[in-house]
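# Overview (structure and organization)
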Amino acid sequence: MQYTHLGRSGLKVGRLALGTMNFGDATDEAESFKIMDAAVDAGINLFDTADVYGGPQTPDMKQGYGLSEEIIGRWLAQGGGRRDKIVLATKLYQPMGPGPNDKYLSAYKIRRSAEASLRRLQTDHIDLYQMHHFDRSTPWEEIWQAMEQLVREGKVTYIGSSNFAGWQIATAQNAATARNFMGLVSEQSLYNLAARTVELEVIPALRHYGIGLIPWSPLAGGLLGGVLKKLEDGRRTTPHMQRTVERYRPRLEAYEKLCADLGEQPADVALAWLLHNPVLTATIIGPRTADQLATSTGALDIALSAETLDRLDEIWPGPGGEAPEAYAW
């Protein structure tokens, strides 16, 4: 495993992070335990979850919610030094109950969400506590005051964001600086070869403030994982994926041919393309089985040439660079 700093912090994490959204839904507890054991054995130390992860979720919010955290908590409770081997990350923001204060980022919600996650995770601290989305109704003075309290109490060590726009990252970080607080160390964004919007303003903001990028959905929901070959082999896919494949078929044909010419798996090339970005700290992989995890580490050994990077830009063009030069002088 290769390690790097989490943003500008002194904490080091592996370049691949274990995403656990499937735990409790597509992946049962026994297989989840195998995946986490295998991840530690592979040197993966950043485990990412969220209070809302799990499944199946029901409208009355009595099932599904919190299951991923609970599974991780029971894995940690087995002992053997598991807690000290991982950097544990979770998130808050989304509804965890039907009440008016069961969602978003009020100080009331932040405190209650952190305590509930700690109980489910069966630990006394969260290493990276991430805001799952931007809250347009709560002032940063309130958010940072609540986060500072959690840090003082030793319940949280670092703060991150997810799905923030560039201006929201700047606003948050400037508000934290005014309070002499470290603020954000990481941002989780949708980023892959087929979804490059963050190159406009999010990535420049992260670079400016020293915040590490952690992409989610690096394979575009499976689109970049050799989907055409899988369809040729007779594997079934969802109607949504079938429509997406037809939308991108010319690009996918060119992409999978390039990967074949390189002698590499499409999923590995997609991950390697992300990992070459210096702003990126780690990319999340979300295996449904331990076998899938074992095949995800090959990307670390791939060095993409300038010629290959240019060809990938031709197949999967970005927004034209960074703002404002991407659309103005």
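These notes cover the structure that comes with them. Model, not experiment: these values are computed from the prediction.

Alternating positions in strand 3 (residues 16–19) separate into two faces, Leu-16 and Leu-18 on one and Ala-17 and Gly-19 on the other, with burial throughout. As paired elements, strand 3 and strand 10 (residues 283–285) share three bridges and run parallel to each other. Residue Leu-16 lies in a different strand from strand 10, and its bridge partner there is Thr-283. Pairing geometry for strand 3 and strand 4 (residues 46–48), over two bridges, is parallel. Along strand 4, the bridge assignment pairs Leu-18 with Phe-47. For the segment spanning strand 3, helix 1 (residues 29–41) and strand 4, crossover handedness is right-handed.

Right, let's talk about the layout of surface pockets for a bit. In this structure, the largest pocket occupies an estimated 1,600 Å³ of space. Elements with a contribution of two residues or more to the lining of the largest pocket: helix 8 (227–232), helix 9 (239–262), helix 10 (266–275), strand 10 and helix 11 (290–294). Residue contributions to the lining of the largest pocket peak at five residues, all from helix 9. Of the residues belonging to the lining of the largest pocket, the class tally is 17 nonpolar, 20 polar and twelve charged. Roughly 220 Å³ of volume is contained in the second largest pocket. What lines the second largest pocket is Asp-51, Met-96, Gly-97, Asn-101, Asp-102, Lys-109, Arg-112, Ser-113, Glu-115, Ala-116, Arg-119 and Arg-120. Classifying every residue of the lining of the second largest pocket gives two nonpolar, three polar and seven charged.

Our focus in this paragraph is the packing of aromatic side chains. For the structure shown, the criterion picks out eleven aromatic pairs. Ring centres of Phe-134 and Trp-140 lie 6.3 Å apart, and the angle between their planes is 45°; this geometry places the pair in the tilted category. With a centroid separation of 5.8 Å and 50° between ring planes, the pair formed by Tyr-248 and Trp-316 is classed as tilted. Here the residue Tyr-248 occupies a position in helix 9, and Trp-316 occupies one in the segment after helix 12 (306–315), the gap between them amounting to 68 residues. A residue is classified by how much of its surface remains accessible, and Tyr-248, at 14% relative accessible area, is buried. Look at Trp-316 and you get buried, because its relative accessible area is 0%.

What follows concerns the sheet that holds strand 8 (residues 184–190). Strands pair in a sheet through their backbones, by hydrogen bonds, and they do so in one of two ways: parallel or antiparallel. Reading across the sheet, the eight strands line up as 9-8-7-6-5-4-3-10 and stay open at both edges, with parallel pairing between neighbours. Edge strands, defined here as strands with exactly one partner in the open sheet, are strand 9 (212–216) and strand 10. Within the sheet, the average angular offset between the axes of one strand and its neighbour, ignoring direction, is 30°. Pairing geometry for strand 6 (residues 126–131) and strand 7 (residues 156–162), over five bridges, is parallel. Directly across from Gln-130, in strand 7, lies its bridge partner Gly-160.

About the criteria used
Residues numbered from 1 in each chain as written. Predicted model: local features only at pLDDT ≥ 70, side-chain atom pairs only at ≥ 80, totals over all residues. Heavy atoms only, no water. Buried < 20%, exposed > 50% of the residue type's maximum accessible area, 1.4 Å probe, protein only. Helix = DSSP H or I, 4+ residues; strand = E, 2+ residues; numbered from the N terminus. Pairing = 2+ DSSP bridges. Right-handed = clockwise from strand over helix to strand, strands pointing away. 1 Å grid on protein atoms, 1.4 Å probe; cavity = no way out; pocket = protein on both sides within 12 Å on 5 of 7 lines; lining within 4 Å. Points joined across faces, edges and corners; volume = space filled by probe spheres on them. Nonpolar A, V, L, I, M, F, W, Y, C, P; charged D, E, K, R; others polar. Phe/Tyr/Trp six-rings, centres within 6.5 Å; stacked < 30°, edge-to-face > 60°. Axes fitted to C-alpha atoms, helices over the stretch in contact; angles between N-to-C directions.

Spatial relationships are all this shows, so hold off on functional conclusions.
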